[in-house]
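Overview (structure and organization)
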Amino acid sequence: MASCTEVLSATFPALDGELFQYIESILEHPDDFDTSDDIYDAIADMLFEVDSEKSEDEVRDLCDQMMDLLKDDGGGEKVNGHQAHRRVLDAPVHLGALAENMKETGQKTQSIWLVKKEKESQVDKRKLEKADAKIKQKQDRKAEKETYAPKVDLASLMDSASASQQSNRKTDRMESAGTNKTKDIRIDNFDIAFGEKVLLTGADINLSFGRRFGLVGRNGMGKTTLLRMIANRQLWIPSHISVLHVEQEVVGDDTLATESVLECDTVRYSLLKEEKEITAQLNESNRSDSRLSSRLAEIYHELETIEADKAPAKASTILNGLGFDPNMQRMTTKEFSGGWRMRLALARALFSKPDLLLLDEPTNMLDMKAIIWLENYLQAWPTTILVVSHDRSFLNSICTDIVHLHSKRLDSYKGDYEHFVKTRTEKLKNQMREFEAQKQYRDHIQVFIDRFRYNANRASQVQSKLKLLEKLPELKPIEKESETVLKFPETESLNPPILQLDEVDFKYPGQERWIFKNVCVFAAMESRICIVGENGAGKTTLLKILLGELETVNGLRQCHRNLRIGYFSQHHVDQLDMNLTCVGLMASRFPGHNSEHYRGMLGKFGVSGDLALQPVVSLSGGQKSRVAFAVMCAMNPNFFILDEPTNHLDMETIEALGNAINKFNGGVILVSHDERLIRVICKELWVCSNGTVKSLEGGFDEYKKIVEAELALS
């Protein structure tokens, strides 16, 4: 049988003498290795430095062979191919007495327990130290490159996004002459790049006035970037068309919530401001001024024309629909959290009614009641909407058209999302049939050409066939989007009770209002529980009580001693170190492994290839969520508590998340308003309302009926 050194030489013939001797000296101690993974950890990095073209699988196969040579099935050891038999003592031996006896008799000791002169190394120590330093230096450079990225902020990243567009002379002339009055928006033949990455090339988009468009596509394809380009008018939009992009939350100050919404109507706001100024001037002068009085009358007429007196009621209706009760409407904007300020931004947009309304994931911050209200409100929207959303039910409710971003282009489809899915599936089938038919026809012609290429009598026919092949359209294979797969770690089963609350009462210190009274719930390893309820009902508070982060006032929280909970919070993504690469982030959280290990952890959630070496700040919202999932699962939890995990995820990833949860052999409690995900995984529904938590029979359908009934009464 070949020795380890012979196998090593055959696999890596370019291995130089010094490094070869160094690796050989490592393999002289087979007791240091229990598995082939130990050999891989000891020598793999050095082998990759010698031959970078070798794959990880090839190096692991080499290590497996070496392990087989070092240890046989019978437990005896082999060193460089020679069997080293183990001896079993017939009786206990006193090593001290044995050594003393050998000294007196002058016998040479062969025992591994007794002192013997070590064999001098044949390796040049200076060369060995030089090789070690060189290897370490390369490893450090590689680790630094994978861990740290140049420090960048989001603003500078957005500056790196660029757009180019082919101009239209006719449209330019109409724009300069002021005769372009159309409300339709047509952007032809434009390109968008994000740094060095090309997102769209030769794309076209046509937004007909009064229609509601849903923009869909995979995470990281450029949907949010496209919205920003349109909002900033980096892509040409007629100057007379007003555009509003709901992206930034309202700045917190002393402005009341209702006033913040009313300020969006700039015409009404400026007229009222002018009316106050004129009234003050007339009161100060104590005499009539015909010019001022005439202007005041004009202002009153204009205010009556725009129905300014109805504006406060309209603003209050919008705020109420989005979850702001009368007390909240009288609060200042600085008193609200970020999520509620985003709702204020949405309310301002709905109130101002721009010609083109751009919405990016508007349902992320809303509960089920607010989502249903928004669906009903937008169905009667009079102007154009372009919305990015991964909520399939929401898109089905409001969209009249779907724009699909894929393969660096945009395709438009009439109808809602379900109709888009059916149409696109049928379109792909037809394209596949056309591709196969064309390929078969080409192959048939090619067979004739190959058969009679050198036949003089058929030369004219062969030339005719060659020309026919040249005239055929280019044969392009169908581009299929890769399937999204998420993999949660396998875990051991635990015996009940797993996690439960018994007669729990809770309120925050210093507050009089009880959040919960007499809550009794429990979860098992088979649980698939979804918690629903209005914003402010205590869903996140309940999760923190289950996690043990909040102490109960009364009652008990009980959990299994071996329970390991993986918690995904709404703000999990915001807590990632944005200046690290994805691999570097995993290394900072879980040190002690090589980069391939971290890549494997990220790869289970679709963060692979060059994406794993990008700084976290450069990723899309959905890609950041996948990194957050990888961080959570690296701790090998056996129970998941997930708070709005679908925010920013594309539909394919949400589908994959549902499949991964169903395959997971631990328990799951989740807060979500994504109807499709709830229907895929939910076995039990907990409703938070009025200080209680109740399990609802009838599931999600019954809860939706209750919410719709409440909306009808309000």
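Structure report, in brief. Model, not experiment: these values are computed from the prediction.

Conventions adopted
Residues numbered from 1 in each chain as written. Predicted model: local features only at pLDDT ≥ 70, side-chain atom pairs only at ≥ 80, totals over all residues. Heavy atoms only, no water. Helix = DSSP H or I, 4+ residues; strand = E, 2+ residues; numbered from the N terminus. Buried < 20%, exposed > 50% of the residue type's maximum accessible area, 1.4 Å probe, protein only. Areas by Shrake-Rupley, 256 points an atom, 1.4 Å probe, with all protein chains shown as cover. Pairing = 2+ DSSP bridges. Axes fitted to C-alpha atoms, helices over the stretch in contact; angles between N-to-C directions. Contact = heavy atoms within 4.5 Å. Expected span 1.5 Å × (residues − 1). Arc of directions from axis to C-beta. Patch = residues over 30% accessible without salt bridge, like charges linked within 9 Å, V, L, I, M, F, W, Y side chains within 5 Å. Salt bridge = Lys/Arg side-chain N within 4 Å of Asp/Glu carboxyl O. Lys, Arg positive; Asp, Glu negative; His and termini not counted. Charge placed at Lys NZ, Arg CZ, Asp CG, Glu CD. Polar contact = N/O pair within 3.5 Å; in protein donor to acceptor, adjacent residues only side chain to side chain. Core = buried A, V, L, I, M, F, W, Y, C linked by side-chain atoms within 4.5 Å. Parallel < 35°, antiparallel > 145°, perpendicular 65-115°, else oblique. Left-handed = near helix turned anticlockwise from the far one by under 90°. Nonpolar A, V, L, I, M, F, W, Y, C, P; charged D, E, K, R; others polar. Phe/Tyr/Trp six-rings, centres within 6.5 Å; stacked < 30°, edge-to-face > 60°. Lys NZ or Arg CZ within 6 Å of the ring centre and 35° of its normal.

A closer look at the overall build of the chain
For the chain, the count of helices and strands is 26 helices and 20 strands. Of all 714 residues assigned to the chain, the portion counted as buried reaches 42%. Per element, the accessible surface of the chain, about 39,700 Å² overall, is 48% carbon and sulfur.

Digging into the sheet that holds strand S20 (residues 692-695)
One open sheet holds the 6 strands; their spatial order is S16-S17-S18-S14-S19-S20, and the pairing between them is mixed. Only two strands of the sheet have a single neighbouring strand rather than two, namely strand S16 (565-568) and S20. For this sheet the average axis-to-axis angle between neighbouring strands, irrespective of direction, equals 15°. Examined bridge by bridge, strand S14 (residues 528-532) and strand S18 (residues 667-671) share 4 bridges and lie parallel to one another. Looking at S18, one finds that arginine 528 is bridged to valine 668. The strands touched by helix H23 (residues 621-633) within the sheet are S16 and strand S17 (639-643), with S16 carrying the most contacts at an inclination of about 160°.

Some remarks on helix H26 (residues 699-713)
For H26, with 15 residues, the first-to-last C-alpha span of 22 Å sits near the 21 Å given by 1.5 Å per residue. Restricting attention to buried positions, one finds in H26 the residues Phe700, Tyr703, Lys704, Val707 and Leu711. Around the axis of H26, the buried residues are gathered within 100° of arc, so they sit on the same side. The exposed residues of H26 that point more than 90 degrees off its buried face are Lys705, Ala712 and Leu713. Structurally, H26 contributes buried residues whose contacts are with helix H16 (368-378), helix H17 (392-398), S14, helix H25 (675-681) and strand S19 (684-689).

Some points on a negative patch on the surface
A contiguous patch of negative charge on the surface is contributed by Asp57, Glu58, Asp61, Asp64 and Asp68. If you trace the backbone, aspartate 64 turns up in helix H4 (residues 56-70).

Details of the side chain of lysine 223
Mapped onto the elements, lysine 223 comes out in helix H9 (residues 223-231). Here lysine 223 sits buried without a salt bridge, and the closest side chain of opposite charge, aspartate 650, lies 6.1 Å off (N-O distance). In terms of polar contacts, lysine 223 uses its side chain to reach the backbone carbonyl oxygen of arginine 218, at 3.0 Å. Setting aside its immediate chain neighbours within four residues, lysine 223 contacts Leu215, Val216, Gly217, Arg218, Val388, His390 and Leu405.

Observations concerning the sheet that holds strand S5 (residues 197-207)
Within the open sheet, the 3 strands sit side by side as S3-S4-S5. Their pairing is antiparallel. Only two strands of the sheet have a single partner each, and these edge strands are strand S3 (161-165) and S5. Ignoring strand direction, the axes of neighbouring strands in this sheet form an average angle of 25°. Against the sheet, H9 engages S3, strand S4 (185-194) and S5, with an angle of about 120° to S4.

Regarding the pairing of S5
In the case of a regular strand, side chains alternate between the two sheet surfaces. Where S4 lies against S5, 7 bridges are found, and the strand directions are antiparallel. Within S5, the residue paired with alanine 193 across the bridge is valine 198. Linking S4 back to S5 in an antiparallel pair, the connection comprises 2 residues, with glycine 195 at a positive phi of about 65°.

Notes on unusual backbone geometry
Glycine aside, residues mostly have negative phi angles, and peptide bonds mostly take the trans form. Across the junction of proline 496 and proline 497, the peptide omega takes the value 0°, indicating a cis bond. Structurally, the position occupied by proline 497 is in the loop between helix H19 (459-471) and strand S12 (499-506). In this model, glutamate 503 sits at a positive phi of 50°, which is unusual for a non-glycine residue. Summarising the element assignment, glutamate 503 is placed in strand S12. Phi angles above zero are rare outside glycine, and asparagine 636 is one such case at about 55°. On the secondary structure map, asparagine 636 appears in the loop between H23 and S17.

Quick notes on the nonpolar core
Counting 96 residues, the largest nonpolar core has Leu322, Leu350, Leu378, Phe488, Leu602, Phe629 and Leu642 as its most contacted members. Per-element accounting of this core gives the leading share, 9 residues, to helix H15 (residues 338-352). The residues touching phenylalanine 629, leaving out its near neighbours within four places in the chain, are Phe488, Phe568, Phe605, Leu642, Pro645, Leu649 and Leu657. Ranked by size, the runner-up nonpolar core spans 29 residues in total, among them Leu494, Val519, Tyr567 and Ile669.

Overview of the packing of helix H21 (residues 582-589) against H23
Where H21 meets H23, the closest approach of the two axes is 11 Å, and the angle between their N-to-C directions is 25°. Taken together, the axes of H21 and H23 lie roughly parallel to each other. Between H21 and H23 the crossing geometry is right-handed. Across the interface between the two elements, Cys582, Leu585, Met586 and Arg589 of H21 pack against Val627, Ala630 and Val631 of H23. For the contact of H21 with H23, a count of residues per class yields 6 nonpolar, no polar and 1 charged.

Some points on the packing of aromatic side chains
Counted by the stated rule, this structure contains 15 aromatic pairs. Ring geometry for phenylalanine 488 against phenylalanine 605: centres 5.9 Å apart, planes inclined by 45°, an arrangement best described as tilted. A residue pair is termed long-range when its members are at least 10 positions apart, and phenylalanine 488 in the loop between H19 and S12 and phenylalanine 605 in the loop between helix H22 (595-603) and H23 qualify at 117 residues. Here the aromatic cluster, defined as three or more aromatic residues joined through ring pairs, consists of Phe488, Phe568, Phe605, Phe629, Phe640 and Phe664. Lying over the aromatic face of phenylalanine 351, lysine 314 brings its terminal NZ or CZ to 5.0 Å of the ring centre. Across from the ring centre of phenylalanine 448, 5.4 Å away, lies the NZ or CZ of lysine 465, which sits over that ring.

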